[in-house]
Amino acid sequence: MKTRDDPRHRRRVKALAELFSWGFEKHKRLGKLAKATIKRLVAIDQIIRTCATEWPIEKINRVDLAILRLALAELTMKTAPKKVIIDEAIELAKEYGSDASAGFVNGVLGTAVQKM
């Protein structure tokens, strides 16, 4: 059973914080997972645009955007099973996002997985 002390969860929380702050300060020092996400940013943002057609990237809540980018990077890198990555993204959205974040993240990632 996953806990908050799980090292994989802590790595994702750290990467989420780095990606969120990178959105404000581009020259920030990043860890391995956040760097890998930024490296794939153009492709990831294109996936988001195709899967969240009602929401331009500029209008997506920055926390939700960081969660989506992190999860899509992990999905494209195939670092874990899809279900695990999506579940973790939903948990991050519940913990750090708004009331609607978990549903939004789940919907976008579900559509992305179908299109991949």
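Note that the coordinates shown come from a computational prediction; the quantities given were computed from them, not determined experimentally.

How each quantity is defined
- Residues numbered from 1 in each chain as written.
- Predicted model: local features only at pLDDT ≥ 70, side-chain atom pairs only at ≥ 80, totals over all residues.
- Heavy atoms only, no water.
- Helix = DSSP H or I, 4+ residues; strand = E, 2+ residues; numbered from the N terminus.
- Rg over C-alpha atoms; globule rule 2.2 N^0.38 Å.
- Buried < 20%, exposed > 50% of the residue type's maximum accessible area, 1.4 Å probe, protein only.
- Contact = heavy atoms within 4.5 Å.
- Areas by Shrake-Rupley, 256 points an atom, 1.4 Å probe, with all protein chains shown as cover.
- Lys, Arg positive; Asp, Glu negative; His and termini not counted.
- Charge placed at Lys NZ, Arg CZ, Asp CG, Glu CD.
- Axes fitted to C-alpha atoms, helices over the stretch in contact; angles between N-to-C directions.
- Parallel < 35°, antiparallel > 145°, perpendicular 65-115°, else oblique.
- Left-handed = near helix turned anticlockwise from the far one by under 90°.
- Nonpolar A, V, L, I, M, F, W, Y, C, P; charged D, E, K, R; others polar.
- pLDDT = per-residue confidence, 0-100.

So, the overall build of the chain
Along the chain, the regular secondary structure elements total 6 helices and 0 strands. Ordered by position in the sequence, the α and β elements of the chain form the string α-α-α-α-α-α. Since a compact globule built from 116 residues should have a radius of gyration of about 13 Å, the 13 Å found for the chain is in line with a globular shape. With the principal axes as the frame, the chain shows a C-alpha extent of 35 × 35 × 30 Å. With 116 residues in all, the chain has 44% of them scored as buried. Across the chain, the fraction of contacts at a sequence separation of at least 24, relative to all contacts at a separation of at least 6, is 61%. Accessible surface, the chain: about 7,200 Å² in total, of which carbon and sulfur atoms supply 54%. Considering the chain, the positive charge centre built from 23 side chains and the negative charge centre built from 14 side chains are found 7 Å apart.

Brief notes about the packing of helix H3 (residues 41-51) against helix H4 (residues 62-77)
Relative to each other, H3 and H4 sit at 110°, their axes nearing to 10 Å. One way to sum up the angle between H3 and H4 is to call them roughly perpendicular. Helix-helix and strand crossings are classified by hand; for H3 and H4 the assignment is right-handed. Of the residues in H4, those touching H3 at Leu 41, Ile 44, Asp 45, Ile 47 and Ile 48 are Leu 65, Leu 68, Arg 69, Leu 72, Ala 73 and Thr 76. When grouped by side-chain class, the residues that make up the contact of H3 with H4 number 8 nonpolar, 1 polar and 2 charged.

Thoughts on the confidence of the model for the chain
Mean pLDDT over the chain: 88, with 97% of residues reaching 70 or higher. Ranking the elements of the chain by mean pLDDT puts helix H1 (residues 7-22) last with 88 and H4 first with 94.

Some points on the environment of Gly 103
Note on placement: Gly 103 falls in helix H6 (residues 101-115). C-alpha of Gly 103 to C-alpha of Ile 90: the two residues are 13 residues apart in sequence and 7.8 Å apart in space.

Side note on unusual backbone geometry
For Lys 78, which is not a glycine, the phi torsion comes out positive at approximately 55°. In this structure, Lys 78 sits in the loop between H4 and helix H5 (82-96).

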